[in-house]
Amino acid sequence: MSTTSREIRQRNDQFGAKARAGKNPVNASRKDKLAKQSPIGLWALGVILFVVVGGVFFEVIRLVFL
């Protein structure tokens, strides 16, 4: 049996009421996505780690062999 226009209208009204009541949106907004991003880029983090780990590595070599 197919649904009537009255039932569809009731379901639409229920959905609208839930949406207006503060139900979380399915897709995050652009503002929320920007808020969750790290302030430093992934490539910059890699460069910093490379410098720090490389410095520690060469310092250990200097302490062991010199």
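In this text, all values refer to a predicted model and were calculated from it rather than measured experimentally.

Novice: Help me get a handle on the confidence of the model for the protein chain, residues and values and all.
Specialist: Here the protein chain averages 83 in pLDDT, while 91% of its residues score no lower than 70. Mean pLDDT across the elements of the protein chain bottoms out in helix α2 (residues 30–36) (73) and peaks in helix α3 (residues 42–65) (93).

Novice: Mind laying out the pattern of salt bridges, listing which residues take part and the relevant values?
Specialist: One pass over the structure, following the stated rule, counts 1 salt bridge. A salt bridge links Arg62 to Glu59; the shortest N-O distance between them is 2.4 Å. Of this pair, Arg62 and Glu59 both sit in helix α3, 3 residues apart, which is roughly one turn of that helix. With relative accessibility at 42%, the residue Arg62 sits in the partly exposed group. On the accessibility criterion, Glu59 (35% relative accessible area) is partly exposed.

Novice: Tell me about the environment of Ile61, residues and numbers included.
Specialist: Residue placement: Ile61 occurs in helix α3. Remark: the alpha-carbon pair of Ile61 and Thr4, spanning 57 residues in sequence, is separated by 79 Å.

Novice: Could you give an account of the packing of aromatic side chains, naming the residues involved and the relevant values?
Specialist: This model, assessed by the stated rule, comprises 1 aromatic pair. Between the aromatic rings of Phe57 and Phe58, the centroid separation amounts to 5.5 Å while the plane-to-plane angle is 70 degrees, which identifies the pairing as edge-to-face.

What counts and what doesn't
Residues numbered from 1 in each chain as written. Predicted model: local features only at pLDDT ≥ 70, side-chain atom pairs only at ≥ 80, totals over all residues. Heavy atoms only, no water. pLDDT = per-residue confidence, 0-100. Helix = DSSP H or I, 4+ residues; strand = E, 2+ residues; numbered from the N terminus. Salt bridge = Lys/Arg side-chain N within 4 Å of Asp/Glu carboxyl O. Buried < 20%, exposed > 50% of the residue type's maximum accessible area, 1.4 Å probe, protein only. Phe/Tyr/Trp six-rings, centres within 6.5 Å; stacked < 30°, edge-to-face > 60°.

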